[in-house]
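Notes for the structure review
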Amino acid sequence: MANISRSLTGLTNRFTAPPLPEPTLADTIAARQHFFGTNAVNPQSGAVRDDQVLLAWFGCASFAVAMGGHVFLLDAWVPRGVTSGYVPTTPAEVAALRPAAIFIGHAHFDHAADAGPIAQASGAVVYGTAEHCATIRKQVTRPEFDCVELGSAAANPGDRYDFDLTPGISVTTIRHLHSARTARHEGPDASTRLRPTPCIGDIRTYAPTLIDAAHLVRNLSAPEGGVLLHQFRTENFTLTWHDSSGPLADRAPQVIDALKALPPSTVHIGAVQGYNQFTNGLRDPRTYIQALRPKIFIPNHHDNWLPVFTARGEAFRTPLHEELSRLPDDDRPQIRMLLDPKDYLSPGRLAFDLHREL
């Protein structure tokens, strides 16, 4: 143990990590086919088909997105440290996707710990608060990527930022809240407490390497830096994503109004695991769903990314269906449940026609 401790100390005394290799075209073609499917990627150019929205989950709240042929990331962390190899990819392969942009929800280690190296290797532009940008720039020795600052940690919940990602994709970013435990809510709107049993068996099956453990320790203290929700819109499709679900009804009802002012979501990817599940179950995720009015809801941040404290997604399947069964039939979205580890990087699992009504 003493030797391991000394090794970890040596590996974690710097915040920065070794740079990732710059991907070749062959790397990009292989990575995009792994994430989005062989039939979705041109085998010569690496271009992704532009008539679909393709989503590939690579752990916690991180997704690779191909929307109208444009590739970008939602969060940027490959879960590891307590386990290794549980998610079948690496930061180098994620960088090989050559994303044009990385959208950060917040800067805790389980959301942004790989953002700097991936941006540096791929040339992606990072979008986040001023504090997110500062944290991510510290992850590399010579940051040579752009980071667009969308407000700061001092911004007010409900603040809104509108811009274009490409001529065909518009983006709205809303400042909201991190998950937080609040007093038990009683009454007709109360939800059943959710306390899944931690799933530690994966530590034995996917034993952590020293390098991955060091990476986790090196990034554990990364600050939140504010929490952002991002919505992406084309003429016929609206994708909304957030990597935490805060107690909006109790602490920031103005955010609910801001979300209701957005167009209804075609697909909504939302965090379901959070601190308030122990007191108020899935009431907070339901609040976001009610405000965003999606046709399809996809859970995130519900897998076994930190096995000492977390469970596999199966533990959330029944509670999520029960929580959303409380909504009126016309307001209840279809649930596209993701289960770890089989739904990581599952080409075709989350594929949607960009031009056809769902």
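Residues numbered from 1 in each chain as written. Predicted model: local features only at pLDDT ≥ 70, side-chain atom pairs only at ≥ 80, totals over all residues. Heavy atoms only, no water.

Considerations on the pattern of salt bridges
In plain terms, the rule: We define a salt bridge as a contact between a side-chain nitrogen of Lys or Arg and a carboxyl oxygen of Asp or Glu at a distance within 4 Å. Runs of E in the DSSP output that reach at least two residues are strands. Runs of H or I that reach at least four are helices, and both are numbered from the N terminus. For each residue, the accessible area found with a 1.4 Å probe, counting protein chains only, is set against the maximum for its type, and the residue is called buried under 20%, exposed over 50%, and partly exposed in between.
Applying the stated criterion across every chain, the model contains 17 salt bridges. The shortest N-O distance in the salt bridge between glutamate 314 and arginine 317 comes to 2.9 Å. Of this pair, glutamate 314 and arginine 317 both sit in helix 13 (residues 314–324), three residues apart, which is roughly one turn of the helix. Given a relative accessible area of 44%, glutamate 314 falls into the partly exposed group. Among the ionic pairs, glutamate 323 bridges to arginine 326, the shortest N-O distance being 3.7 Å. Each of Asp189, Asp250, Arg283, Arg286, Glu323 and Arg326 takes part in one network of salt bridges that share partners.

Considerations on unusual backbone geometry
Going from aspartate 340 to proline 341, the amide bond is cis rather than trans, its omega being 0°. When you line up the elements, proline 341 lands in the loop between strand 13 (334–335) and strand 14 (350–353). Its identity is not glycine, yet arginine 98 carries a phi of approximately 55°, on the positive side. Note on placement: arginine 98 falls in the loop between helix 3 (91–96) and strand 4 (101–103).

A look at helix 10 (residues 253–260)
Keep this limit in mind: The arc refers to the directions leading from the helix axis to the C-beta atoms. When checking whether two residues touch, look at their non-hydrogen atoms; a contact exists if any pair is within 4.5 Å.
Along helix 10, the positions that sit buried rather than exposed are Val255, Ile256, Ala258 and Leu259. Along the long axis of helix 10, the arc covered by the buried residues comes to 160°, so they all point the same way. Next to the buried residues of helix 10 lie strand 8 (169–176), strand 9 (227–233), helix 9 (248–251) and helix 12 (283–292).

Things to note about the packing of aromatic side chains
To keep it simple, the criterion reads: By convention, a stacked pair of Phe, Tyr or Trp rings (six-membered ring in the case of Trp) has centres within 6.5 Å and planes under 30 degrees apart, an edge-to-face pair has planes over 60 apart, and any other such pair is tilted.
For the structure on display, the rule yields 14 aromatic pairs. Considering the side-chain rings of tryptophan 57 and tyrosine 344, the 4.7 Å spacing of their centres and the 55° angle between planes classify their relative orientation as tilted. Here tyrosine 344 lies in the loop between strand 13 and strand 14 and tryptophan 57 lies in strand 1 (residues 52–57), a separation of 287 residues in the sequence. Ring centres of tyrosine 127 and phenylalanine 163 lie 5.2 Å apart, and the angle between their planes is 5°; on these two criteria the pair is classed as stacked. Placement of tyrosine 127 in strand 5 (residues 125–128) and of phenylalanine 163 in strand 7 (residues 160–166) is noted, with a sequence separation of 36 residues between them. On the accessibility criterion, tyrosine 127 (11% relative accessible area) is buried.

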